[in-house]
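# Structural overview for review
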Amino acid sequence: MLALLAQQVPDFVRPDIDWHAAAPELTLLTFGALVTMMDIVWLEKGRKLTSIVASIGLLATMVPIITLAVDGADRSMFGGAFVVDDYALIMKAVFILTGYVVILLSTNYIAEGDYWENEYYGLLLSSILGMILMASARDLITIFVALELLSIPAYMLATWRKRDLKSNEAGMKYYLMGVFASAIMLYGMSLLYGGSGSTLLTDINESISGPGDPSAVVVLGIIFVIVGFAFKVSAVPFHTWAPDTYEGAPTPITAFLSVASKAAGFVALMNMLFVGFFGRDDVYEPVIWILAALSMTVGNLIALRQTNMVRLLAYSGVAQAGYMLAPLAVAGDVPDSALAATVGYLVIYAAMNLGAFAVVIAVARKTRTAEIDDYRGLFHWAPGLTVAMTVFLFALAGIPPLGGWWAKFRIMGAVIEANTAAGVVMGIFVAVNSVIALYYYARIGVKMWAEPAPDDDTAPVRVPVSLTSALVLTAAATIAFGVLPGLVGEVTKVSLLAGVGG
Amino acid sequence: MTEVVVFCVAAALALVGALGVVVSKNPVHSALFLIQTLMGVAVLFVLQEAHFLAAVQVVVYAGAIVILFLFVIMLLGVDKAEDFAVEPIAGQRPLAAVVGGALLAIGLTVMVVAVDGSTGTSATFDPQTGQPAETALDSIGADGQPITDIERIGRVLFSDYALAFEITAALLTIAVIGAVVLTRTVSRGERLDDLEPASFDLPPVAPHDNQPDHDSAGESGA
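Residues numbered from 1 in each chain as written. Chains lettered and ligands numbered in written order. Predicted model: local features only at pLDDT ≥ 70, side-chain atom pairs only at ≥ 80, totals over all residues. Heavy atoms only, no water.

### Some details on the overall build of chain B
The helix and strand tally for chain B stands at seven helices and zero strands. The linear arrangement of helices and strands in chain B, starting from the amino end, is α-α-α-α-α-α-α. For chain B, restricting intrachain contacts to residue pairs at least 6 apart in sequence, the fraction spanning at least 24 positions comes to 41%. Here chain B displays about 14,800 Å² of accessible surface, and carbon together with sulfur accounts for 70% of that area. (Helix = DSSP H or I, 4+ residues; strand = E, 2+ residues; numbered from the N terminus. Contact = heavy atoms within 4.5 Å. Areas by Shrake-Rupley, 256 points an atom, 1.4 Å probe, with all protein chains shown as cover.)

### A word on the overall build of chain A
The secondary structure content of chain A amounts to 20 helices and two strands. Computed over C-alpha atoms, the radius of gyration of chain A comes to 22 Å, within 12% of the 23 Å expected from 2.2 N^0.38 for 502 residues, which places it in the range of a compact globule. The principal-axis extents of the C-alpha atoms in chain A amount to approximately 80 × 60 × 40 Å. Scored against the burial criterion, the 502 residues of chain A give a buried share of 63%. (Rg over C-alpha atoms; globule rule 2.2 N^0.38 Å. Buried < 20%, exposed > 50% of the residue type's maximum accessible area, 1.4 Å probe, protein only.)

### Focus: the packing of helix 11 (residues 251-276) of chain A against helix 13 (residues 309-328) of chain A
Residue and element names in this part refer to chain A. In contact at an axis separation of 11 Å, helix 11 and helix 13 are set at 15 degrees when each is read in the N-to-C sense. With respect to their mutual orientation, helix 11 and helix 13 come out roughly parallel. For the pair helix 11 and helix 13, the crossing hand works out as right-handed. Two secondary-structure elements touch here, helix 11 through Thr254, Lys262, Phe266, Leu269, Met270, Leu273 and Phe274 and helix 13 through Val310, Gly317, Val318, Ala321, Met324, Leu325 and Leu328. Here the residues of the contact of helix 11 with helix 13 are counted per class, giving 11 nonpolar, two polar and one charged. (Axes fitted to C-alpha atoms, helices over the stretch in contact; angles between N-to-C directions. Parallel < 35°, antiparallel > 145°, perpendicular 65-115°, else oblique. Left-handed = near helix turned anticlockwise from the far one by under 90°. Nonpolar A, V, L, I, M, F, W, Y, C, P; charged D, E, K, R; others polar.)

### What to know about the side chain of Asn433(A)
Topologically, Asn433(A) is positioned in helix 18 (residues 421-450). Within the structure, Asn433(A) has its side chain in polar contact with the side chain of Asn300(A) (distance 3.2 Å). (Polar contact = N/O pair within 3.5 Å; in protein donor to acceptor, adjacent residues only side chain to side chain.)

### Brief notes about the domain arrangement of chain B
Annotation of chain B at the domain level lists domain 1 (1-78) and domain 2 (146-186). Taken over C-alpha atoms, the centre of domain 1 of chain B sits 22 Å from the centre of domain 2 of chain B. (Domains from an automatic or database assignment.)

### Here we look at the pattern of salt bridges
Any two side chains of opposite charge can pair if their charged atoms end up close together. All names here are of chain A. Under the criterion given, the structure shown has 14 salt bridges over all chains. Here Glu112 and Arg365 are joined by a salt bridge, their closest N and O atoms 3.3 Å apart. Of this pair, Glu112 sits in helix 4 (residues 86-112) while Arg365 sits in helix 14 (residues 335-367), and the two are 253 residues apart along the sequence. Judged by its relative accessible area of 8%, Arg365 is buried. In this structure, Glu169 engages Lys173 in a salt bridge whose closest nitrogen and oxygen atoms are separated by 3.1 Å. With a gap of four residues between them, Glu169 and Lys173 both fall in helix 7 (residues 165-196), about one helical turn apart. (Salt bridge = Lys/Arg side-chain N within 4 Å of Asp/Glu carboxyl O.)

### Overview of helix 4 of chain A
Think of an α-helix as turning once every 3.6 residues; residues three or four places apart then point the same way. All names here are of chain A. An ideal rise of 1.5 Å per residue puts 39 Å on 27 residues; helix 4 measures up with 40 Å between its terminal C-alpha atoms. The largest bend in helix 4 is about 40 degrees, located at Ser106. With respect to burial, helix 4 is a largely interior element, 21 of its 27 residues being buried. Note on helix 4: the residue one or two positions beyond its end, Asp114, has a positive phi of about 65 degrees. (Expected span 1.5 Å × (residues − 1). Bend = angle between axes of the 7 residues up to and from the residue.)

### Here we look at the environment of Val58(B)
Residues and elements named next belong to chain B. Relative to the helices and strands, Val58 is located in helix 3 (residues 51-76). Note on Val58: relative accessible area 31%, which makes it partly exposed. Setting aside residues no more than four positions away along its own chain, Val58 makes contact with Met39, Ala42 and Gly63.

### Side note on unusual backbone geometry
All names here are of chain A. In this structure, the amide linkage connecting Val236 to the following residue, Pro237, adopts the cis form with an omega of 5 degrees. As for its position among the elements, Pro237 is in the loop between helix 9 (216-232) and helix 10 (241-248). With omega at 5 degrees, the peptide bond leading from Pro400 into Pro401 counts as cis. One non-glycine residue with positive phi stands out, namely Phe78, at about 50 degrees. Take Phe78: it is sitting in the loop between strand 1 (75-77) and strand 2 (82-84). Within the chain, Ser234 stands out as a residue other than glycine whose phi angle is a positive 50 degrees. As for its placement among the helices and strands, Ser234 is situated in the loop between helix 9 and helix 10.

### Some details on the packing of aromatic side chains
Residues and elements named next belong to chain A. Under the counting rule described, the total for this entry stands at 17 aromatic pairs over all chains. Geometrically, the ring pair formed by Phe180 and Phe231 is edge-to-face, given 5.9 Å between the ring centres and 85 degrees between the ring planes. One end of the pair, Phe180, is in helix 7; the other, Phe231, is in helix 9, and 51 residues separate them in sequence. The class of Phe180 is partly exposed, set by a relative accessible area of 48%. The structure contains a cluster of three or more aromatic residues connected by ring pairs, namely Tyr155, Tyr174, Tyr175, Trp241 and Tyr246. In this arrangement the basic side chain of Lys366 is found over the ring face of Trp381, its NZ or CZ atom lying 3.9 Å from the centre. (Phe/Tyr/Trp six-rings, centres within 6.5 Å; stacked < 30°, edge-to-face > 60°. Lys NZ or Arg CZ within 6 Å of the ring centre and 35° of its normal.)

### Some words on helix 17 (residues 403-417) of chain A
All names here are of chain A. With 15 residues, helix 17 should cover 21 Å at 1.5 Å per step; its first-to-last C-alpha distance of 22 Å lies within 8% of that length. Buried within helix 17 are the following residues: Gly403, Gly404, Trp406, Ala407, Lys408, Arg410, Ile411, Ala414 and Val415. Once helix 17 ends, the next one or two residues include Asn419, with phi positive near 60 degrees.

### Brief notes about a nonpolar patch on the surface
On the surface, Met39(B), Val58(B), Val59(B), Val60(B) and Tyr61(B) cluster together to form a nonpolar patch covering roughly 390 Å² of accessible area. Looking at the nonpolar patch element by element, the count peaks at four residues for helix 3 of chain B. (Patch = residues over 30% accessible without salt bridge, like charges linked within 9 Å, V, L, I, M, F, W, Y side chains within 5 Å.)

### Considerations on the packing of helix 17 of chain A against helix 18 of chain A
Helix packing for two helices is described by the angle between their axes and how far apart those axes are. All names here are of chain A. It is the contact of helix 17 with helix 18, at a shortest axis distance of 8 Å, that shows an interaxial angle of 155 degrees. Classified by the angle between their axes, helix 17 and helix 18 sit roughly antiparallel to one another. Contacts between helix 17 and helix 18 pair Lys408, Ile411, Met412 and Val415 from the former with Gly423, Val424, Met426, Gly427, Val430, Ala431 and Ser434 from the latter. Here the contact of helix 17 with helix 18 is composed, by residue class, of seven nonpolar, three polar and one charged.

Written out as structure tokens, the structure reads:
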């Protein structure tokens, strides 16, 4: 029977599969399936092990990433739909390490909070799988499927505290807005496919770039695709889901959404801009410019009036997305600096924002809220957490010698290097907004250090080991990136343009 | 000529159906209008000689998925009328109408008025020469027989798009697992009750944590 079938289709060529290049994805997939099935077999005993197995899975996934990085060769599969290069490997490592810290944050929260456990870690791993695929995806269909693979588990994780109305609201809002964004993006992708006749980004680039004005279809396609990813990175005016979702979701998932999910949106956007739309900067630069300027200004101004720490970090995250978009607004003029600046910012942002959320989770173990007023007098009952929080907040504000300043410095460098009016104005936007942001970050610092604790309640808080290790890891990374800026500069010296072939 | 007539009828069917989905007040009617749209699209597929896709469209979408929608609507209760008269946010609907109208206008302008034709450079024509370009797969197989669209889809799915195909498989599995967890009503709290009381000295530590009165369906909270 099989022989007969094979005879009928004699000229089918099995696609070449480079197993080494696909090893990170396959490892993570294996562990994701293992985690999901563990407590079917071992029941209660398995539940205690799930977080450990999940974190081992992530560390195991780092092994092929490192061997691929040592090997150094650019690999490509499926006609260029799946590419492994330096840029993809760096982003994969960022996603895996972010996921590892999120598991550290989750361990006690999920175990003590009466939530489903092994499904939680299974969904978390599959979302990370979507992200590492996204880093390699260079084809519209692969990008879209990877986006869904990272989003759909995230929608469900946002509503994991399902007996709480706020968490239901969080999941529902995130889901509806996310699906809406996917639909817009898919429409844009179909226009691009219609305009170029290929789903491969390199082919699309060949077809739409070049001298002369772009066709109207291509313009609309590019704008819709950018709008779709703007939802994902929560850029103004597509940020409305972020504060409510962040507030209602379990806090470790909030950290995951604000770091990993946002980074995945940026990765996809950069794949699009630097491979697919490269040469069409006359179309995408104005769109990104407007998104960047609006995001940082609106995000920072609304953050000034927040009374809840998680909502404040949500709006601060909107503003940070604006900073990360800023170099992309000059991506056509100085592609290498713009790419390096955004990738560098993503790496540093992951460390400092995860750290801030780790402190929020630790403090909430005692106060059980995230109101900023409960941070008054934090120094009197949790000096270690106070120092850590100060480090993360000042890093987010961009104060030397912490990680954030170097990230901002490179962004300023890229927009100034572009030497265009738009770039210089964007630089002014970044500078003014950094000052606004300093105000609300510093206000929390004053509350923590200088004000007395409410009701003179100075009972210390017990911070479990996993949370402490997350704090140490992120604080060390935040400080190291600031003191040794060459570190991140060396790591993120990547070029995506090699893939375009000139 | 026949092609144009069939196209116009099918496209009109699809558009009227789409409008019906949004406009009709009864969700069952919406679902039925959706079938009309999907059927219209299926006819358009036939017109493009994508017979397999047309069949899949009818069997999977019109057949299975809309029936599933109808099941859900019936289970949730068709008789529960939503009150559409009240706007949750003042001015929301006029604004939505304006934005929707603007988007439609932009779309139509791009599609109809654009100087370079409806879809820009055609996929099957080389932009420089205007001659038909080589497609990824020759339409004549090795044995001299024309390749059917089923074979084409199969080839593409298991060669160029094998990766996306496999990811989709993982995605569907994960979606099912998540849906089961989210809809399951047995409380973990019941199992936690068997544990030592000492395990409760660290309560759930979420910001704004749930109070017992938020518990749905009378579940006993931890």
